Amino acid sequence: MEPAEGDSRRDCWTVAFGDTYSQQDRCICAGYDNGDIKLFDLRTMSTRWEHNLKNGLCCVEFDRKDIKMNKLVATTLESKFHVFDMRTQHPTKGFASLSEKAHKSTIWAARHLPQNRDIFMTTGGNGSLCLWKYSYPADRSTKDSDDIEQGVIGSVSQLQNVTLTTQPISCFSWSADKEGLAVCTSFDQTVRVLIVTKLKTV
C-alpha cells in the first residue's frame, strides 16, 4: 500500500499489527512524521480511518493484537501520548480518545503489560519511565444526537515513574513469562533489566 500518484509522501515512523482475531481479519496502524495516524484494513486493502495528532508519532501499539481491536496507544514528540478506544468507530468523529502529557520530552515508546493489557509503560527522551493504568468508563459507547453509536473514552492514572538515565530510553520490552520483568535500552549504550513489583495489586 502506498500513496496515490500525486499525493504527498510522508515518512512512516512506526507501525503495529492489530485486529488479528481470525484468519481473515488484519489491520495495520501506521504513524507518520507529520502527526498522521492511519488504520489500514488488509482484508479490503483500504484506509479504514485516519487522524492527525499534530506531532510526529514515535510509537503505536494495540493493547493486544490477537483480539478484536480494543485500545491503541500512540506516543508523539512534544511530551504527549494518546489512548484510543478502538471498539466503536463513529462515521465522522472516528474513535474516542484522550491525551496525556508526560516525561517533559519526546515519548519514544509505549508497551502494554502482557498479563494485564490495562497497564502500560511509556519511555521518555529524558531517560524516565512512567507506568500507567487505563480505567474503563461505565459504558463504552453511547448514542449521539443523530442516534449513531459513538465510543466513550475512559481515563488514565500514573502508577509510578522513575528516571534511569540522562539519555533517551528508546526501547522497552516486558517478559511474557514473568510478570513485571522487563528490559530497556537507552542512548547511553546500556541495557537495563528491570523488575516492577506489586502489579497484581493495582
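Residues numbered from 1 in each chain as written. Predicted model: local features only at pLDDT ≥ 70, side-chain atom pairs only at ≥ 80, totals over all residues. Heavy atoms only, no water.

Asks: Explain the sheet that holds strand β6 (residues 71-76) residue by residue, including any values.
Replies: Ordered by their spatial adjacency, 4 strands build an open sheet running β5-β6-β7-β8, and the pairing between neighbours is antiparallel. Two strands bound the open sheet, and with one partner strand each, they are β5 (57-62) and β8 (94-101). Averaged over neighbouring strand pairs, the angle between their axes works out to 20 degrees when direction is ignored. Two elements, strand β7 (residues 80-90) and β8, share 8 bridges in a ladder whose sense is antiparallel. (Pairing = 2+ DSSP bridges. Helix = DSSP H or I, 4+ residues; strand = E, 2+ residues; numbered from the N terminus. Axes fitted to C-alpha atoms, helices over the stretch in contact; angles between N-to-C directions.)

Asks: Pulling in residues and values, what's your account of the packing of aromatic side chains?
Replies: Taken as a whole and judged by the stated rule, the model has 7 aromatic pairs. When the ring of W49 is compared with that of F84, the centres are 5.3 Å apart and the planes differ by 70 degrees; the resulting orientation is edge-to-face. Residue W49 is located in strand β4 (residues 46-52), and its partner F84 is located in strand β7; the two are separated by 35 residues in the primary sequence. You can call W49 buried: its relative accessible area is 8%. For F84, a relative accessible area of 2% gives the class buried. Measuring from ring centre to ring centre gives 5.0 Å for W49 and F95, while their planes differ by 85 degrees; the resulting arrangement is edge-to-face. (Phe/Tyr/Trp six-rings, centres within 6.5 Å; stacked < 30°, edge-to-face > 60°. Buried < 20%, exposed > 50% of the residue type's maximum accessible area, 1.4 Å probe, protein only.)

Asks: Tell me what's going on with the pattern of salt bridges, and back it up with residues and numbers.
Replies: In this structure the tally under the stated criterion is 13 salt bridges. Salt-bridge contacts for K38 lead to E50; the nearest nitrogen and oxygen are separated by 3.8 Å. Of this pair, K38 sits in strand β3 (residues 36-41) while E50 sits in strand β4, and the two are 12 residues apart along the sequence. We classify K38 as partly exposed; its relative accessible area is 21%. For D63, the salt bridge goes to R117, with nearest N and O atoms at 3.9 Å. Separated by 54 residues along the polypeptide, D63 in the loop between β5 and β6 and R117 in strand β10 (residues 116-124) bring together distant segments of the chain. Of the residues examined, D63 reaches a relative accessible area of 6% and is grouped as buried. Bridged by salt links that share partners, the residues D63, K71, R117 and D118 form one connected network. (Salt bridge = Lys/Arg side-chain N within 4 Å of Asp/Glu carboxyl O.)

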